[in-house]
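# Descriptive analysis of the structure
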Amino acid sequence: MYQHQDWRGQPISLPLGKVVCIGQNYQDHIAEMQSKTAPEALFFIKPATALVPLAPAFRIPAGRGEVHNELELAVLIAKPLKNASFAEVNEAIWGYGLALDLTLREVQAKLKQLGRPWEIAKGFDGACPMSPLIPKAQVQHPQQLDFSLQVNSELRQQGNSANMIRGITQLISEMSQHFTLLPGDLVLTGTPAGVGPLQAGDTLTLTLADLLKIASRVEV
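About the thresholds
- Residues numbered from 1 in each chain as written.
- Predicted model: local features only at pLDDT ≥ 70, side-chain atom pairs only at ≥ 80, totals over all residues.
- Heavy atoms only, no water.
- Pairing = 2+ DSSP bridges.
- Helix = DSSP H or I, 4+ residues; strand = E, 2+ residues; numbered from the N terminus.
- Core = buried A, V, L, I, M, F, W, Y, C linked by side-chain atoms within 4.5 Å.
- Buried < 20%, exposed > 50% of the residue type's maximum accessible area, 1.4 Å probe, protein only.
- Contact = heavy atoms within 4.5 Å.
- Salt bridge = Lys/Arg side-chain N within 4 Å of Asp/Glu carboxyl O.

## Here's the deal with the sheet that holds strand β12 (residues 154-160)
Read from one edge of the open sheet, five strands run β4-β16-β15-β11-β12, paired in mixed fashion. At either margin of the open sheet sits one strand with a lone partner, and together these are β4 (58-59) and β12. Sheet topology places strand β15 (residues 203-208) next to strand β16 (residues 212-219); six bridges connect them, and they run antiparallel. Across the sheet, Thr205 pairs through a bridge with Ala215, a residue of β16.

## Details of the nonpolar core
In this structure, Phe58, Leu100, Ile172 and Leu204 are the most contacted members of the largest nonpolar core, which totals 64 residues. Look past the residues within four positions of Leu100 in its chain and what remains in contact with it is Leu54, Phe58, Asn69, Glu70, Leu71, Ala127, Cys128, Pro129, Leu149, Leu204 and Leu206.

## What to know about the side chain of Thr207
Its place among the elements puts Thr207 in strand β15. In this view, Thr207 contacts Leu98, Asp146, Phe147, Ser148, Leu212 and Lys213; residues no more than four positions away in its chain are not counted.

## Considering unusual backbone geometry
Omega for the peptide link from Ala55 to Pro56 comes to 10°, which places this bond in the cis form. Along the chain, the position of Pro56 falls in the loop between β3 (51-53) and β4. With a phi angle near 70°, Ser153 is a residue other than glycine that sits in the positive phi range. Mapping Ser153 onto the fold places it in the loop between β11 (146-151) and β12. Relative accessible area serves as the criterion here: at 66%, Ser153 is assigned to the exposed category. One non-glycine residue, Ala209, adopts positive backbone phi at about 45°.

## Things to note about the sheet that holds strand β5 (residues 67-69)
Here three strands make up an open sheet; going across it, the order is β8-β5-β14 and the pairing antiparallel. Strands with a single pairing partner mark the edges of an open sheet, and in this sheet they are β8 (103-104) and β14 (196-197). As paired strands, β5 and β8 are joined by two bridges and run antiparallel to one another. Of the residues in β8, the one forming a bridge with Val67 is Leu104.

## Observations concerning the pattern of salt bridges
Here the structure, examined in full by the defined rule, presents 10 salt bridges. Among the ionic pairs, Arg8 bridges to Asp6, the shortest N-O distance being 2.7 Å. The exposure class of Arg8 is exposed, given its relative accessible area of 55%. Linking Arg217 and Glu219 is a salt bridge whose minimum nitrogen-to-oxygen distance equals 3.2 Å. Judged by relative accessible area, Arg217 falls into the partly exposed class, the value being 39%.

Structural measurements only, silent on function.
Below, the structure written as structure tokens:
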């Protein structure tokens, strides 16, 4: 059962909420996926049932094709946001962590070909393994954070939040024009290049600057 926790493993007194995500927020990932883009942001939602603890292990679905990693900087919201200004967004942020936006890539591709929504490829149970969170007071420059993912000791993804197309404050402000964000909601800020399939038995190491280093493994 998932509950928001801080970097010490202590529960955070915020409810379990939805996960609101932005796609196509790093140019290198857009290039690797050969994606079509538009001026408008690509937002989508994972339900609360997608959230699971990242460590010590998480499960991936069996028999549904490749499950891809998408490492993202995550932001925990502590106050309601609706049509929010940048100042209101900054005031509402509790802190930061790392999430895996797990994606059933073959399922997603088939749904795209049919012109159908692809929530089942992104919002299945366990589709958002989530790290502990660092309070914003301990994060001096959230828009300059290195983060990375190693799979079986090999570097697979590496990014820096400075390379976002839409910065953290801007994207959350834009999100709040469409979806009211509530205390306990998480915002995923996009993935850099390096997505790829995960297999049962894989060992993972995830780092967020000098703030977090997490070991995990993949199970089925």
